[in-house]
Amino acid sequence: MAIIELRQVEKIYDSGAVPVHALRGVSLDVEPGEFTVVVGPSGSGKTTLLNLIGGLDRPTSGTVRLDGTDLAALSRSALVEFRLHHIGFVFQAYNLIPVLTAEENVEFVMLLQGRPKETRRKTVHELLKAVGLEEKMSNRVSELSGGQQQRVAVARALASGPSYVLADEPTANLDTEAAGTLLNIMESLNNERKTTFVFSTHDSRVVERARRVVRLVDGRVSEDTTHRPA
Amino acid sequence: MLFQIAWRNVLRNKKRSLIIIAAITCGLWAGLVASSVTLGFSYETVKSALETRLSHIQIHQRDFSESHALRDTIPGGIALIERIRRLQGIRAVSGRLLAEGMASTAETATGILIAGIDSDEERRVTTIGQALIEGTYATGSKRHACVIGEELAEKLAARVGSKIVVTTQDIRGNLVGGSFRVAGIFRTDSTPFDGSNVFVNRREIARLLGMEDRIHEIAILLDNAGQLESSASDIRRLAPGPKTETWTELAPELRYISEYTEVYLNLFLYVIVFALLFGIMNTMLMSVLDRIREFGVLTAVGMKGRKIFTMIMLESVILSALGAIVGMVAGWGTVEHLKRTGINLATFGEGLRQWGYAEISYPILPLSMFEQVIVSIVVAAVIGAVYPAWKAIRLDPAMALRTY
Ligand SMILES: Nc1ncnc2c1ncn2[C@@H]1O[C@H](COP(=O)(O)OP(=O)(O)O)[C@@H](O)[C@H]1O
Ligand SMILES: [Mg+2]
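Residues numbered from 1 in each chain as written. Chains lettered and ligands numbered in written order. Predicted model: local features only at pLDDT ≥ 70, side-chain atom pairs only at ≥ 80, totals over all residues. Heavy atoms only, no water.

Novice: What is the right way to look at the overall build of chain B in this model?
Specialist: Along its length, chain B carries 16 helices and 12 strands. Whereas a compact globule of 404 residues would reach a radius of gyration of roughly 22 Å, chain B reaches 31 Å, over 25% beyond that. Principal axes of the C-alpha set define a box for chain B whose edges measure 105 × 45 × 30 Å. Counting only residues that meet the buried cut, chain B has 51% of its 404 residues in that class. Summarising the internal contacts of chain B: among those between residues at least 6 apart in sequence, 78% fall at separations of at least 24. As presented, chain B carries roughly 18900 Å² of accessible surface, and 59% of it is formed by carbon and sulfur atoms. Of the charged side chains in chain B, 43 are positive and 39 negative, and the gap between their average positions amounts to 10 Å. (Helix = DSSP H or I, 4+ residues; strand = E, 2+ residues; numbered from the N terminus. Rg over C-alpha atoms; globule rule 2.2 N^0.38 Å. Buried < 20%, exposed > 50% of the residue type's maximum accessible area, 1.4 Å probe, protein only. Contact = heavy atoms within 4.5 Å. Areas by Shrake-Rupley, 256 points an atom, 1.4 Å probe, with all protein chains shown as cover. Lys, Arg positive; Asp, Glu negative; His and termini not counted. Charge placed at Lys NZ, Arg CZ, Asp CG, Glu CD.)

Novice: Is there a simple way to think about the overall build of chain A in this case?
Specialist: Along chain A, the regular secondary structure elements total seven helices and 10 strands. The globule rule puts the C-alpha radius of gyration for 230 residues at 17 Å, and the 17 Å found for chain A is close to it. The buried share among the 230 residues of chain A stands at 53%. In chain A, of all internal contacts separated by at least 6 residues, the share reaching a separation of at least 24 is 68%. Side-chain charges of chain A comprise 27 positive and 29 negative groups, with the mean position of each set lying 2 Å from the other.

Novice: Please explain the packing of helix H2 (residues 14-54) of chain B against helix H13 (residues 305-341) of chain B as it appears in this structure.
Specialist: When two helices pack together, their arrangement is given by the angle between their axes and by how far apart the axes lie. Residues and elements named next belong to chain B. Where H2 meets H13, the axes come as close as 7 Å, and the angle between the chain directions of the two elements is 35°. Crossing handedness for the pair H2 and H13: right-handed. Of the residues contributing to the contact of H2 with H13, the split by class is 16 nonpolar, eight polar and no charged. (Axes fitted to C-alpha atoms, helices over the stretch in contact; angles between N-to-C directions. Left-handed = near helix turned anticlockwise from the far one by under 90°. Nonpolar A, V, L, I, M, F, W, Y, C, P; charged D, E, K, R; others polar.)

Novice: Hey, could you run me through a nonpolar patch on the surface in this one?
Specialist: All names here are of chain B. A surface patch of nonpolar side chains, amounting to about 260 Å² of accessible area, comprises Ile374, Val378, Val382 and Val386. Mapped onto the elements of the fold, Val382 is located in helix H15 (residues 367-393). Of the residues examined, Val382 reaches a relative accessible area of 32% and is grouped as partly exposed. (Patch = residues over 30% accessible without salt bridge, like charges linked within 9 Å, V, L, I, M, F, W, Y side chains within 5 Å. Salt bridge = Lys/Arg side-chain N within 4 Å of Asp/Glu carboxyl O.)

Novice: Honestly, the environment of B:Leu152 in this entry has me stumped. Any pointers?
Specialist: Residue and element names in this part refer to chain B. Among the structural elements, Leu152 can be located in helix H6 (residues 150-156). Separated by 100 residues in the primary sequence, Leu152 and Thr52 have C-alpha atoms spaced 16 Å apart. When residues no more than four places from it in sequence are discounted, the contact partners of Leu152 are Thr110, Ile112, Asp194, Gly195, Asn197 and Val198.

Novice: How do you make sense of the site of ligand 1 when you look at a structure like this?
Specialist: Around ligand 1 sit 14 residues, and of these A:Gly43, A:Lys46, A:Thr47, A:Thr48 and B:Arg402 come closest. Per-site note: the chains with residues close to ligand 1 are chains A and B. A distance of 2.7 Å is found between an oxygen atom of ligand 1 and a backbone nitrogen or oxygen belonging to A:Gly43. Within the side chain of A:Thr48, one N or O atom sits 2.5 Å away from an oxygen atom of ligand 1. When ligand 1 sits alone it has 560 Å² of accessible area, and the protein chains cover 79% of it. Counting only elements with at least two residues in the shell around ligand 1, the list comes to strand E2 (20-30) and helix H1 (46-53) of chain A. For the shell around ligand 1, the element with the highest residue contribution is H1(A), accounting for three residues. (Near = heavy atom within 4 Å. Polar contact = N/O pair within 3.5 Å; in protein donor to acceptor, adjacent residues only side chain to side chain.)

Novice: Just to check I follow, could you spell out the interface of chain B and chain A for this structure?
Specialist: At the interface, 26 residues of chain B touch 30 residues of chain A. Roughly 2300 Å² is buried in total at the junction of chain B and chain A, and carbon and sulfur atoms are behind 62% of that figure. Where chain B packs against chain A, one counts two salt bridges. Here A:Glu81 ties to B:Lys304 by a salt bridge, and the two come within 2.5 Å at their closest N and O atoms. Where the side of chain B that touches chain A is concerned, the elements lending two or more residues are helix H1 (2-12), helix H12 (292-300) and helix H16 (397-401) of chain B. Looking at the side of chain B that touches chain A, the element that brings in the most residues is H12(B), giving six residues. Broken down by class, the residue content of the side of chain B that touches chain A amounts to 12 nonpolar, five polar and nine charged. (Buried area = accessible area lost by both parts, 1.4 Å probe.)

Encoded structure:
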């Protein structure tokens, strides 16, 4: 069963002077364990799509089912709780809590979940090791480079034990090397832990390495290709 | 965890935090110092009036307060003094014989109030004995001695040792007079009092007036001023005939001073805290608006609005509490210092003494004032943070996180 299920989803922003048709009927299924990249030019609707998949926004029409739950059935506060337990987030930039250390940032979501201290400690170590930052555990995030911060963000996204992880242009602010490292980490997490990733990019280096590519143009899916693993 | 994050957020923008902390500190410091100075001043004024003349409770014959007639003495007054002395909680009792008259020297003559006292009794009730600037208070030690105020001495151009002639009417209405030698000169907080009162030996003046063993007034000092009402009713039970009045009945204006000072000071503190509330609100609002993205991230990863709200409240309370603590410590320190030095209002002294206000006072900082400051500043911190916190939790995460 698909963990992400979009049917005829439309999103119209009508806050401005002219309504903006950001998504025009998108249907999409993501299976557990998939490594999916959403590509498309700027303004094609990638962020809008990921916000819907992340339960951060609601569609104007159509249905969004996440992990078997219809988004429309969840109240505002139920949605917060749903995100806490089901979804991990990595954003484009600046998305860690600056007053916390790397370790505390990863621990934070588990604290919100009310998990016991032992579990938290163990998970934090494991995840920071997985993203290669065990040495930087007790550093304030402001002392870390952009690439390192994104790796902490990946660790935090996984800490809650989510069904899938969303990353909106995670490499956009990174240089080639840091972007490569981040992709390697996400790939190996996908391989080893079967973590489902959906991320957006307009970076061609990233697209080459994706197994499934969903291309958006003007709010429509223009291409959806799955490559056989090499 | 929330507290820890809130604490770090307070430390995050040090300049902004310091500014609001300094504002709260200054406001509360000024409020506390001004309040305790005012409280001390009002306390000293009341105390001085009680100590120089009024005492805690007075007894008169029923008609005396209206008539001020010589004949309206307290029946069995001298014996009553002894009986009251034996009651519980009574520190001292003094019987006074009162008459109006004229005092004259070679220079001039002026109207006076003559109080015939037993100086051993009276010095335990009032502090005029301690307010002597010259001579002695013991009117009984020498024959025909009197004690007068500085103001009267100046009017009469009299010094210790000078003779003054006192003229009055005796109980039968005859004009009588006697010459008294000034044994001592006192100075209280009230120039009108010092300009009109002459203390003489009770037995001597009684003989002059033909009123042996009669008194008009019994002044009573209690061990504990808080026992005022219960002691008054004890005395009323003991002596139902004459009129027993507490100082609050005798001098309602003094009661208003002590009661309304407190009300006024509370109001004063609340006004300060109310003004600070807007400072707190402004600081919290700036802090929230600076962190819109961060609140977007927090909501996105699953932090509930209630927790975010609490976190912002905590930040506000921490900021305000820091300001309050520093302000209270500074206020306390200043008050302690002023307690040691005393506050001398002598520059306005003459004016103040005209009205019977104390010249030197000592600030009073009751614990209840700290309690009020803490409670009201925490309330202000919470109220001040409500709007900013509400703004933070109302954020649409998708909007807050958007990077164009
Ligand atoms: N909150 C909004 N209000 C109005 N228009 C918006 C809003 N968010 C996005 N848009 C518009 O919707 C379209 C899709 O935007 P977006 O999803 O951010 O695309 P992408 O992430 O691919 O660049 C764009 O034209 C953008 O200007
Ligand atoms: Mg985008």
